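Descriptive analysis of the structure
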Amino acid sequence: MRRTVCALFAAALFFLGLFPAAQTGAEEKPLPEGGGICRCLAAGMDRFMTETGTAPCSANNAAIMTALFSDFLPEGTRVTRRVNGPGSREEMHGLIREVFRDAGEADTSFLYISTHGVLLEEGGTTRPALVLSDGLREETLSPEELKAWMDEIPGKKVLILDCCHAEAVTKAFTGPEWRTLASCRAEEDSYFWAAGEDTGAGYFTVALENALRASPAERLDPDGSGSVSLKELAGRIREIYQVSTAVFSPEGEETPLLTLPEKRKGSERLQDFVFETPEITETELTMKFRFRTDAAVKLEYRLIPMGRNGWEFDRALKITDRERTGQVRGMLSPGTKERTVRVSRQRLGDTGKALLQVISWRGLYGQIPVPEATFAVNSNP
């Protein structure tokens, strides 16, 4: 048996606060439409025996999802977070049974997993799997086995995966009771960034956070229903996340998936990103976009070419924003901004494809670069 392993990391820094290992609501309230109770499991695995370690990315991913489940599902939703484990299929099955043990037909069960996704080659065929690991034990879990466990749970179910080859796993989860969100296509890698002991996260998971916390209501909930459907969430994610190709199923699902509070918790992130269609000439690529910042922030843009093996982050072209606050170039004052980035097509490399990253510099001394949004461009006809 041979494993095909994805390249997980793009070098960058990111700081995220950690949340409690589990949050349990004292009072259970139903979803605004359809009734029922929400129960959630967010599992993130960073310590592996045969795969590349990803600490602290998956742990931070699980923390992000713990907060999102708590804030964008009805008050009293039960959320359990598990970090660096389970390390075996038996333990994972037991954890799923425990977390969702009281689910009924009117309830909704959310399962989020951040780990390595691999392709296993056996007898001339290739099949996807998720790697379960606690650093001391490691096993692979097939989509079919995971679905069989979740099929034991009555009610509606939502699977969210941030891993390489995510769509290859979620394809198995079909049926009227299922909603799935995958960070990338079956043949694609899913990218994280990391540096140091406590900085790092997955681009897809943070895009979920940005979509829910930093998007204008009219782009996230255009019909003003007070809830966010899978169709609405997918539309907004694709506007700000193009490191990989997110996949959502059923694609056009319009029933409520998450609630949208009238007053969302504040976010330090840049707000209201809108990217326009790039303008391409024989020699130049022009990208226009706008956003809002509620505080002074230092900003730069990175144009990352696509190579034969994926995005070449180490070859990024760095462009400091032209605005000045005081004597600091790139320091933006609060307000709505409109920006244009022009680059020679020669900078895009042989493939003609590039990824535009908007990077803010944060932290106590402004030393931590935080990817705010990504936009993929292709100069080829």
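Summary of the structure given here. Just so it is clear, the model here is predicted, and its values are computed rather than measured. (Residues numbered from 1 in each chain as written. Predicted model: local features only at pLDDT ≥ 70, side-chain atom pairs only at ≥ 80, totals over all residues. Heavy atoms only, no water.)

Helix and strand counts for the chain stand at seven helices and 28 strands. Across the 381 residues in the chain, those meeting the buried criterion constitute 55%. Sequence-distant contacts in the chain: of pairs separated by 6 or more residues, those separated by 24 or more amount to 70%. Here the chain displays about 16800 Å² of accessible surface, and carbon together with sulfur accounts for 47% of that area. (Helix = DSSP H or I, 4+ residues; strand = E, 2+ residues; numbered from the N terminus. Buried < 20%, exposed > 50% of the residue type's maximum accessible area, 1.4 Å probe, protein only. Contact = heavy atoms within 4.5 Å. Areas by Shrake-Rupley, 256 points an atom, 1.4 Å probe, with all protein chains shown as cover.)

Here we come to helix α5 (residues 203-213). Because an α-helix packs 3.6 residues into every turn, residues spaced three or four apart end up facing the same way. For α5, the buried fraction is high: eleven of the eleven residues fall into the buried class. When α5 is considered as a whole, its buried residues turn out to be Tyr 203, Phe 204, Thr 205, Val 206, Ala 207, Leu 208, Glu 209, Asn 210, Ala 211, Leu 212 and Arg 213.

The element strand β27 (residues 353-362) is extensively covered by neighbouring structure, given that eight of its ten residues are classed as buried. Here eight bridges tie strand β20 (residues 297-307) to β27, and the two strands are oriented antiparallel to one another. Residue pairing in the sheet places Tyr 301 in a bridge with Val 358 of β27. Here β27 runs beside strand β28 (residues 368-378); their pairing, made up of ten bridges, is antiparallel. (Pairing = 2+ DSSP bridges.)

Residue Pro 86 is bonded to the preceding Gly 85 through a cis peptide linkage, with omega at 0 degrees. Tracing the backbone shows Pro 86 in the loop between β5 (78-83) and α2 (89-99). Cis geometry marks the peptide bond from Ser 249 to Pro 250, where omega comes out at -5 degrees. Of note, Pro 250 is situated in the loop between β15 (247-249) and β16 (256-259).

Taken N-terminus to C-terminus, the directions of α2 and helix α3 (residues 143-151) make an angle of 25 degrees; their axes are 10 Å apart at the nearest point. Judged by the angle between their axes, α2 and α3 are roughly parallel. The handedness of the crossing between α2 and α3 comes out as right-handed. Residues Arg 89, Met 92, His 93 and Ile 96 of α2 lie in contact with α3, whose contacting residues are Glu 145, Leu 146, Trp 149 and Met 150. Within the contact of α2 with α3, the residues separate by chemical class into five nonpolar, one polar and two charged. (Axes fitted to C-alpha atoms, helices over the stretch in contact; angles between N-to-C directions. Parallel < 35°, antiparallel > 145°, perpendicular 65-115°, else oblique. Left-handed = near helix turned anticlockwise from the far one by under 90°. Nonpolar A, V, L, I, M, F, W, Y, C, P; charged D, E, K, R; others polar.)

Attention shifts here to the pattern of salt bridges. For the structure on display, the rule yields 27 salt bridges. Between Arg 39 and Asp 107 there is a salt bridge, with its nearest N and O atoms 3.0 Å apart. Here Arg 39, found in strand β4 (residues 38-44), pairs with Asp 107, found in the loop between α2 and β6 (108-114); they are 68 residues apart in sequence, far enough to count as distant. This pair shows no difference in class: Arg 39 is buried, exactly as Asp 107 is. Of the charged contacts in the structure, one is a salt bridge between Glu 91 and Arg 82, with a shortest N-O distance of 2.5 Å. On the accessibility criterion, Glu 91 (24% relative accessible area) is partly exposed. The network of salt bridges with common partners includes Arg 82, Glu 91, Asp 134 and Arg 137. (Salt bridge = Lys/Arg side-chain N within 4 Å of Asp/Glu carboxyl O.)

What follows is about the packing of aromatic side chains. Under the defined criterion, the tally for this structure stands at twelve aromatic pairs. Here the aromatic rings of Phe 69 and Phe 110 are separated by 5.5 Å at their centres, their planes lie at 55 degrees, and the arrangement is tilted. Here the residue Phe 69 occupies a position in helix α1 (residues 57-72), and Phe 110 occupies one in strand β6, the gap between them amounting to 41 residues. Note on Phe 110: relative accessible area 2%, which makes it buried. Joined through ring pairs, the aromatic side chains of Phe 273, Phe 275, Phe 289, Phe 291, Tyr 301 and Phe 375 make up one cluster. (Phe/Tyr/Trp six-rings, centres within 6.5 Å; stacked < 30°, edge-to-face > 60°.)

Attention shifts here to the packing of α1 against α5. At a minimum axis separation of 10 Å, α1 and α5 run at an interaxial angle of 25 degrees. Classified by the angle their axes make, α1 and α5 are roughly parallel. Helix-helix and strand crossings are classified by hand; for α1 and α5 the assignment is left-handed. Contacts from Asn 61, Ile 64, Met 65, Ala 67, Leu 68, Asp 71 and Phe 72 in α1 reach Thr 205, Val 206, Leu 208, Glu 209, Leu 212 and Arg 213 in α5. Split into classes, the residues belonging to the contact of α1 with α5 amount to eight nonpolar, two polar and three charged.

This brings us to the pairing of strand β10 (residues 156-162). The side chains of a regular strand alternate between the sheet's two faces. Burial of β10 is extensive: six of the seven residues sit out of reach of the surface. Relative to strand β11 (residues 178-182), β10 is paired through five bridges, and the arrangement is parallel. Looking at β11, one finds that Val 158 is bridged to Arg 179.

Right, let's get into α2. Along α2, the residues classified as buried are Met 92, His 93, Leu 95, Ile 96 and Val 99. Axial view of α2: buried residues confined to an arc of 160 degrees, hence all on one face. Summarising the contacts, the buried residues of α2 are in contact with β4, β5, β6, β8 (125-133), β9 (138-141) and α3. (Arc of directions from axis to C-beta.)

Counting 65 residues, the largest nonpolar core has Phe 69, Leu 233 and Ile 237 as its most contacted members. Among the elements that take part in this core, α5 stands out by supplying seven residues, more than any other. Counting 33 residues, the second largest nonpolar core, distinct from the first, contains Ile 113, Val 118, Trp 149 and Ile 153. (Core = buried A, V, L, I, M, F, W, Y, C linked by side-chain atoms within 4.5 Å.)

Turning next to the environment of Phe 69. The buried category is assigned to Phe 69, whose relative accessible area is 3%. Residues Phe 69 and Thr 259, 190 residues apart in the sequence, show an inter-C-alpha distance of 9.7 Å. In this view, Phe 69 contacts Cys 40, Ala 42, Thr 77, Val 79, Phe 110, Tyr 112 and Ile 160; residues no more than four positions away in its chain are not counted.

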